[in-house]
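Observations on the model geometry
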Amino acid sequence: MRIGNQLYQTIWLDESDPSVVRVIDQQRLPFFFEIKELRSVEDVYNAIDLMTVRGAPLIGAAAAFGIYLAALEITVNTNPLSHLHNAARYLVSCRPTAVNLAWAVDFVMKRLSDEMSAEELADTSRGAAIEICELEKENCRQIGLHGVKLIESISEKKKGEPVNILTHCNAGWLACIDYGTATAPVYLAHDKGIKVHVWVDETRPRNQGARLTAYELGQHGVPYTIIPDNSGGHLMQHNMVDIVIVGSDRTTKAGDSANKTGTYLKALAAADNKIPFYSAVPSTSIDFSILDGIKEVEIEERDPEEVTKIEGLLHGKIEQVRLCPEDAKAANYGFDITPARFITGIITEKGICSATEEGIKEMFPDKFI
Ligand code: MRU
C-alpha cells in the first residue's frame, strides 16, 4: 500500500536490527502516521490488546512475530520450549474472536522442536512469521482478483455508473498485511478504471470505519462517504447500495461469520432489500473445527469506556470525551454473528463459494479430511 510516495505493509522486521518488529500505530491514525517498535512478547501482547495492531490477519502475523521475539529472549537459564509455549498461550489469550491469532501461533509452534538450539528456534520462528505475512498478502491479492468480478458485473449492468459498495469496520490493508480482504476487490476495480464509491460505516464504538477505512480509501483515491452505522438500511431501501462486502474474524465451516458488531444488522437489511451481501474471507480466518457461529464462537467483550467515551482530534492532540451521564452503564460486545443464510457468497483466495459446508468444502477439500 502506498502512503505518500512510499510503499508500506502493516508489519515488518527492521532491516538494520532484526530484533525489532515495526508496525504502523493504528491507535494514532488517521491523525498521525507513526511507526511503533515491538521488542518483546510483552510489547506484542500490548500492541494487540491496545489495538495498535488490529484486524484478524494482522493480529495473527503480529503474534507470530511475538513467538520470534520470545525465542530471542531465551537464555542459558530458560527451558526453551516451555518458554515458547508460555509465550504462545499468553499471546493467544489476548483476543478471543479472530481465529487467525491461534492459527498463526500454532503455525509457528508446529515448526519448532526441542532438538533446536536457541538460534535455530529464533531463525525458524522468524522464517515462519515472514511466511505468514507473505501468505496473507497473497490471500488478499487473490481475494481481490476473484471479488473484482462481482463489481465488474454490477458496473456493466449499471452501464458504467458508479458501483456503490457498503462496508463495515476496517477489513482493509490496515487489518491485514497488504491489500485488505473486503477492500481488495474495491482497490482493484478502482485501479482498472471501474467507477466505485464506498459507503463507510463509522463503526462505533472504536470507529474503525471512520478512522481507518476512510484513511485507506482516501490514500488510494477511492471515493467514499462515511455514514452513521444506522444509515445502511435507509440507503438500501433507496437503491443506494449495490453490494455489501465485509471481512470476517472467524467463519465456521458451515459459513456463519463473526465480524465487527453491527455486521449482522447490515446483513438483515441487505436480505430484506435483496442486495448481495458478501463476506471476504481468507482460509486463515475459517475455523474448520466448528459449525455453529452463534453457539461456538466466543465474542470478545471490551471495556465499556469505549462506548461511554469517544476519541478524536482536539487542538492537534488525540483526546477522549464522555458521551453520557458519568455513572451510565454500558455493554461492549465487539463482534456479532451473521448466520450463513444471510451471506450471498464467500470470497476466498481460491474463488467465490456459497456460505454452506458444501461450498466451503469444495474450495478447501483438504481441510475436511
Ligand atoms: O476489533 P477489530 O478492529 O480487530 O475488528 C476487525 C474486524 O472486525 C474486521 O472486519 C475483521 O478483522 C476482518 S479483517 C480483514
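What counts as what
- Residues numbered from 1 in each chain as written.
- Predicted model: local features only at pLDDT ≥ 70, side-chain atom pairs only at ≥ 80, totals over all residues.
- Heavy atoms only, no water.
- Helix = DSSP H or I, 4+ residues; strand = E, 2+ residues; numbered from the N terminus.
- Rg over C-alpha atoms; globule rule 2.2 N^0.38 Å.
- Buried < 20%, exposed > 50% of the residue type's maximum accessible area, 1.4 Å probe, protein only.
- Contact = heavy atoms within 4.5 Å.
- Areas by Shrake-Rupley, 256 points an atom, 1.4 Å probe, with all protein chains shown as cover.
- Lys, Arg positive; Asp, Glu negative; His and termini not counted.
- Charge placed at Lys NZ, Arg CZ, Asp CG, Glu CD.
- Near = heavy atom within 4 Å.
- Polar contact = N/O pair within 3.5 Å; in protein donor to acceptor, adjacent residues only side chain to side chain.
- Nonpolar A, V, L, I, M, F, W, Y, C, P; charged D, E, K, R; others polar.
- Domains from an automatic or database assignment.
- Buried area = accessible area lost by both parts, 1.4 Å probe.
- Salt bridge = Lys/Arg side-chain N within 4 Å of Asp/Glu carboxyl O.
- Pairing = 2+ DSSP bridges.
- Right-handed = clockwise from strand over helix to strand, strands pointing away.
- Axes fitted to C-alpha atoms, helices over the stretch in contact; angles between N-to-C directions.
- Left-handed = near helix turned anticlockwise from the far one by under 90°.

1. Concerning the overall build of the protein chain
Counting its regular elements, the protein chain contains 12 helices and 18 strands. Expected size for 369 residues packed as a compact globule is a radius of gyration near 21 Å; at 20 Å, the protein chain falls within 12% of this value. Here the C-alpha coordinates of the protein chain stretch approximately 65 × 55 × 45 Å along the principal axes. Of all 369 residues assigned to the protein chain, the portion counted as buried reaches 54%. When contacts within the protein chain are restricted to residue pairs at least 6 apart in sequence, long-range pairs at least 24 apart make up 74% of them. Of the accessible surface of the protein chain, which amounts to about 16200 Å², a share of 50% is contributed by carbon and sulfur atoms. Computed over 37 positive and 52 negative side-chain charges, the inter-centroid distance for the protein chain is 5 Å.

2. Some remarks on the site of the ligand
Among the 19 residues in the neighbourhood of the ligand, the closest are listed as Arg54, Arg95, Gln208, Asn259 and Lys260. Contact between the ligand and Arg54: an oxygen atom at 2.9 Å from a side-chain N or O atom of the residue. Between an oxygen atom of the ligand and a side-chain N or O atom of Lys260, the distance comes to 2.7 Å. Those elements giving two or more residues to the shell around the ligand turn out to be helix H2 (56-72) and strand S11 (257-260). Tallied by class, residues from the shell around the ligand come to 8 nonpolar, 7 polar and 4 charged.

3. Some details on the domain arrangement of the protein chain
By the assigned domains, the protein chain splits into domain 1 (2-135) and domain 2 (146-368). Here domain 1 and domain 2 have C-alpha centroids that lie 25 Å from each other. If you look at the interface, domain 1 gives 34 residues, while domain 2 gives 34 residues. Summed over both partners, the interface of domain 1 with domain 2 comes to about 2900 Å²; 59% of that surface belongs to carbon and sulfur atoms. Linking domain 1 with domain 2 are 1 salt bridge, by the criterion used here. In this structure, Glu300 engages Arg95 in a salt bridge whose closest nitrogen and oxygen atoms are separated by 2.8 Å. Counting every contact that joins domain 1 to domain 2 gives 15 residue pairs in polar contact (both at pLDDT 80 or more). Only strand S1 (2-3), H2, helix H4 (99-109) and helix H5 (118-157) provide two or more residues apiece to the side of domain 1 that touches domain 2. It is H2 that provides the largest number of residues to the side of domain 1 that touches domain 2, a total of 4 residues. For the side of domain 1 that touches domain 2, a count of residues per class yields 21 nonpolar, 8 polar and 5 charged.

4. Observations regarding the sheet that holds strand S16 (residues 335-338)
What the 4 strands build is an open sheet, ordered S13-S10-S11-S16; its pairing is mixed. Of all strands in the sheet, those bounded by a partner on one side alone are strand S13 (286-287) and S16. Where strand S10 (residues 250-252) and S11 come together, 2 bridges link them in antiparallel fashion. Looking across to S11, one finds that Thr251 is bridged to Ser257.

5. Comments concerning the pairing of S11
Linking S10 back to S11 in an antiparallel pair, the connection comprises 4 residues, with Gly255 at a positive phi of about 100°. Pairing analysis gives 4 bridges linking S11 to S16, with the strands arranged antiparallel. Among the inter-strand pairings, Asn259 is bridged to a residue of S16, identified as Asp336.

6. Description of the pairing of strand S7 (residues 196-201)
The element S7 is largely enclosed, with a buried count of 6 among its 6 residues. Neither face of S7 is open: one carries Val196, Val198 and Val200, the other His197, Trp199 and Asp201, and all of them are buried. Across 5 bridges, the pairing between strand S6 (residues 163-167) and S7 is parallel. Of the residues in S7, the one forming a bridge with Val163 is Val196. In this region the chain leaves S6, passes through helix H6 (residues 184-191) and returns to the parallel neighbour S7; the handedness of that crossover is right-handed. At this point the chain moves from S7, through helix H7 (residues 208-220), to the parallel strand S8 (residues 224-227), and the crossover so formed is right-handed.

7. Description of the packing of H2 against H4
The description of two helices packed together rests on the angle between their axes and the distance between the axes. Remark: H2 packs on H4, axes separated minimally by 7 Å, with the N-to-C direction vectors making an angle of 35°. The handedness of the crossing between H2 and H4 is right-handed. The residues of H4 that touch H2, namely those facing Ala56, Pro57, Ile59, Gly60, Ala61, Ala63, Ala64 and Ile67, are Asn100, Leu101, Ala104, Val105, Val108 and Met109. In terms of residue class, the contact of H2 with H4 is made up of 12 nonpolar, 2 polar and no charged.

8. Some details on the pattern of salt bridges
Taken as a whole, this structure holds 20 salt bridges when the rule is applied. When the shortest N-O distance is used, the salt bridge between Lys137 and Glu134 registers 3.2 Å. Taken together, the residues Lys137 and Glu134, both in helix H5 and 3 residues apart, mark about one turn of the helix. Judged by its relative accessible area of 17%, Lys137 falls in the buried class.

9. Observations concerning unusual backbone geometry
A cis amide bond links Leu29 to the next residue, Pro30, at an omega of 0°. In this structure, Pro30 sits in the loop between strand S4 (21-24) and strand S5 (35-38). The omega torsion of the bond from Arg204 to Pro205 falls at 5°, within 30 degrees of zero and hence cis. Along the polypeptide, Pro205 turns up in the loop between S7 and H7. Residues other than glycine seldom take positive phi values, yet Met51 does so here, at roughly 65°. Structurally, Met51 can be placed in the loop between helix H1 (41-49) and H2. Phi is positive for Thr203, close to 70°, though the residue is something other than glycine.

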